[in-house]
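Listed here are the chains, written in short residue letters.
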Amino acid sequence: MTEEHAIPGPEDFTDVMRRTIQLVGTNVPRSSLQKVAELLHTLSWEFKDYGVKIYFLVDDLGGVDCATEWSGNVDSSITMNASTFHNAAYGKANFGAAMVMGKLHVKGISPLKLGKFNTLLKPFLSSYRQACGELYEPAV
């Protein structure tokens, strides 16, 4: 079991999400990211309680980037509170239950195509845990 860290505050959350996306680009095989690119190129993650919006960008070759400002097309959006995301990353919440309870909203991904997106979800949560760990580790 991964050591749980406290949820980053609003002032650190954007940096943690940036690092999470960078780690996804490093840790997830290009072939998996190319499958995600068949589904979407731009995914907006919005955390209403923190006022944070960050864009996960993936190109056809499986390259990953992120942005906090985006004027282009957004293929899909996921909206939830930062605490819901954090709790899911540490196994204290479940995205399916969060959707049923209205705590998680997904737009732009049809239920039939969620399988391709799900290949990204576990590595995304794992990368978030790693980014949280880095935030709380003292600089050497």
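Look above for the structure.
The residue numbers shown here count from 1 along each chain, following its written sequence. Owing to the predicted nature of the model, reporting of local features is limited to residues with pLDDT of at least 70; listing and counting of side-chain atom pairs is limited to 80 or more, with chain, interface and lining totals taken over all residues. Excluding hydrogens and water, the side-chain figures rest on all heavy atoms present in the structure.

Asker: Can you lay out the sheet that holds strand 1 (residues 42-47) for me, pointing to particular residues and giving the numbers?
Answerer: For two strands to be treated as a pair, DSSP must find at least two bridges joining them. Helix numbers and strand numbers start at the N terminus; a helix is a DSSP run of H or I with at least 4 residues, a strand a run of E with at least 2. One open sheet holds the five strands; their spatial order is 3-2-1-4-5, and the pairing between them is mixed. A single partner strand is all that each edge strand has here, and the edge strands are strand 3 (64-67) and strand 5 (104-107). In this sheet, adjacent strand axes meet at a mean angle of 15 degrees when their direction is disregarded. For strand 1 and strand 2 (residues 52-58), the ladder comprises six bridges, and the chain directions are antiparallel. Its bridge partner being in strand 2, F47 is matched across the sheet by V52. Along the sheet, helix 1 (residues 10-27) makes contact with strand 1, strand 2 and strand 3, crossing strand 2 at roughly 15 degrees. Fitted lines through C-alpha atoms give the axes, limited to the stretch in contact for helices. The angle between two N-to-C directions lies from 0 to 180 degrees. We call two residues in contact whenever any of their non-hydrogen atoms come within 4.5 Å of each other.

Asker: Run through the pairing of strand 1, naming residues and quoting values.
Answerer: Here the term buried applies to any residue with accessible area under 20% of the maximum for its type, exposed to any over 50%, and partly exposed to those in between, with areas from a 1.4 Å probe on protein chains only. In terms of burial, strand 1 is a largely internal element, five of the six residues being buried. Counting the residues between successive antiparallel strands, the hairpin from strand 1 to strand 2 contains four residues, one of them, G51, with a positive phi of roughly 65 degrees. Bridge analysis of strand 1 against strand 4 (residues 76-80) gives five bridges, and the strand direction is parallel. Counterpart to F47 in the pairing with strand 4 is M80.

Function-wise, these values are silent; they only describe arrangement.
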